[in-house]
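# Analysis of the macromolecular model
Spelled out, the chains give:
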Amino acid sequence: MQRYFIPSIQMETSKAVIQGDDAKHITKVMRMEIGSRLVVLNNEGRAAVGVISSFNDGGEVWVDLEQEEQKNSELPVKAAIAQALVKGDKLDYIVQKSTELGVSVIYIYQAERSVVKWDQAKAAKKIERLQKIAKEAAEQSERRIIPQVMYCENTSKLMKQAASYEECMVIDEEEARSGSHSALSESLSRSSNSDSSFFACIGPEGGISEKEKLSMTSSGFYSVSLGPRILRSETASSYFLAVLSYHFELMR
């Protein structure tokens, strides 16, 4: 069944109303009719199976909610990715795949070695677009929550965001080259319960600068390898989230 996130205020105990682009998708793209079934979510953890009861002249789709969806596909720990600005459409890919793999929050930040530069006007528009990609990926992967996409102008602001996370790490290719691969495993072992939270910082194509790395490690970040191979920036987040899934979901 198709899934649609709507504001919580539009989702009551037994009824929901879908508006805007999602209503157009239902009528124009999916060509649903009265009696068609779908899943409505309020982005606060609630998901309910419903049946379309009516369409009104204002373009709204009204849904009778029949039963709560029982399955929960959310990652059992909070996982944040801090991704440096990268070239081309790589951010689209990173946001989409990170959402599919269970990320909670995606911070996009300006690193020293980022070739791409965003001004404030551009940043707001870009983040809005990436948030839409996250919504679509959350619906496709049958999640209950849409990850929040946020922008930080520099690593100083990024580290303030990281302060609330239990385990903070910077993905470091030099750790991979040195053959030291135990830090990530040790971090997971320290955080074995469902209340754990992880924050992983990933650099741009040229990697994290020494200045940025020193600033982070001085603030309590662990320098972490993702194995013996050097990964592209757009691959690192998928690897990291897959490791969390394996450890906290598949090994349970």
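Model, not experiment: these values are computed from the prediction.

This next bit is on the overall build of the protein. Helix and strand counts for the protein stand at eight helices and eleven strands. Here the C-alpha atoms of the protein give a radius of gyration of 20 Å, agreeing with the 18 Å that 2.2 N^0.38 yields for 252 residues. With respect to the principal axes defined by its C-alpha atoms, the protein has extents near 60 × 45 × 30 Å. Relative to its full complement of 252 residues, the protein shows a buried share of 48%. With 31 positive and 35 negative side-chain charges, the protein shows a separation of 4 Å between the mean positions of the two kinds.

Where helix 2 (residues 90-100) contacts helix 8 (residues 233-250), the two axes come as close as 9 Å, and the packing angle between them is 5°. Of the possible angle classes, the one that applies to helix 2 and helix 8 is roughly parallel. On helix 8, the residues touching Lys90, Tyr93, Ile94, Lys97 and Ser98 of helix 2 are Glu234, Ser237, Ser238 and Leu241. Looking at side-chain class alone, the contact of helix 2 with helix 8 contains three nonpolar, three polar and three charged residues.

Before going further, it helps to examine the side chain of Arg143. Of note, Arg143 is situated in the loop between helix 3 (120-140) and strand 8 (148-152). Given a relative accessible area of 3%, Arg143 falls into the buried group. Of the polar contacts made by the side chain of Arg143, one reaches the backbone oxygen of Thr99; its length is 2.9 Å. Once you skip the residues sitting within four places of it in the chain, Arg143 turns out to touch Arg3, Phe5, Leu41, Ser73, Glu74, Ser98, Thr99, Gly102, Val103 and Ala138.

All chains considered together, the criterion is met by five aromatic pairs. Judged by centre distance (5.6 Å) and plane angle (40°), the rings of Tyr107 and Phe199 are tilted. Of this pair, Tyr107 sits in strand 7 (residues 105-109) while Phe199 is found in strand 10 (residues 197-202), placing the two residues 92 residues apart along the sequence. The two residues Tyr107 and Phe199 agree in class, both being buried. Here the aromatic cluster, defined as three or more aromatic residues joined through ring pairs, consists of Tyr107, Tyr165, Phe199 and Phe221.

This part is about the environment of Asn72. Along the chain, the position of Asn72 falls in the loop between strand 5 (61-68) and strand 6 (78-84). For the pair Asn72 and Phe199, spaced 127 residues apart in sequence, the C-alpha separation works out to 22 Å. A distance of 3.1 Å separates the side chain of Asn72 from the backbone nitrogen of Glu74, its partner in a polar contact.

Below, the discussion takes up the packing of helix 2 against helix 3. Running from N to C, helix 2 and helix 3 cross one another at 35°; their axes reach a closest spacing of 8 Å. Both helix 2 and helix 3 take part in a crossing whose hand is right-handed. Each of Leu91, Asp92, Val95, Gln96, Thr99 and Glu100 in helix 2 lies in contact with helix 3, whose residues at this interface are Arg129, Leu130, Ile133, Ala134, Ala137, Ala138 and Gln140. Grouping the amino acids of the contact of helix 2 with helix 3 by side-chain chemistry returns seven nonpolar, three polar and three charged.

All of the buried residues in helix 2 are Leu91, Asp92, Ile94, Val95, Ser98 and Thr99. Looking straight down helix 2, one finds its buried side chains confined to an arc of 165°; they lie on one side. Positioned one or two residues after helix 2, Gly102 has a phi angle of 105°, which is positive.

The rules behind these values
Residues numbered from 1 in each chain as written. Predicted model: local features only at pLDDT ≥ 70, side-chain atom pairs only at ≥ 80, totals over all residues. Heavy atoms only, no water. Helix = DSSP H or I, 4+ residues; strand = E, 2+ residues; numbered from the N terminus. Rg over C-alpha atoms; globule rule 2.2 N^0.38 Å. Buried < 20%, exposed > 50% of the residue type's maximum accessible area, 1.4 Å probe, protein only. Lys, Arg positive; Asp, Glu negative; His and termini not counted. Charge placed at Lys NZ, Arg CZ, Asp CG, Glu CD. Axes fitted to C-alpha atoms, helices over the stretch in contact; angles between N-to-C directions. Parallel < 35°, antiparallel > 145°, perpendicular 65-115°, else oblique. Contact = heavy atoms within 4.5 Å. Nonpolar A, V, L, I, M, F, W, Y, C, P; charged D, E, K, R; others polar. Polar contact = N/O pair within 3.5 Å; in protein donor to acceptor, adjacent residues only side chain to side chain. Phe/Tyr/Trp six-rings, centres within 6.5 Å; stacked < 30°, edge-to-face > 60°. Left-handed = near helix turned anticlockwise from the far one by under 90°. Arc of directions from axis to C-beta.

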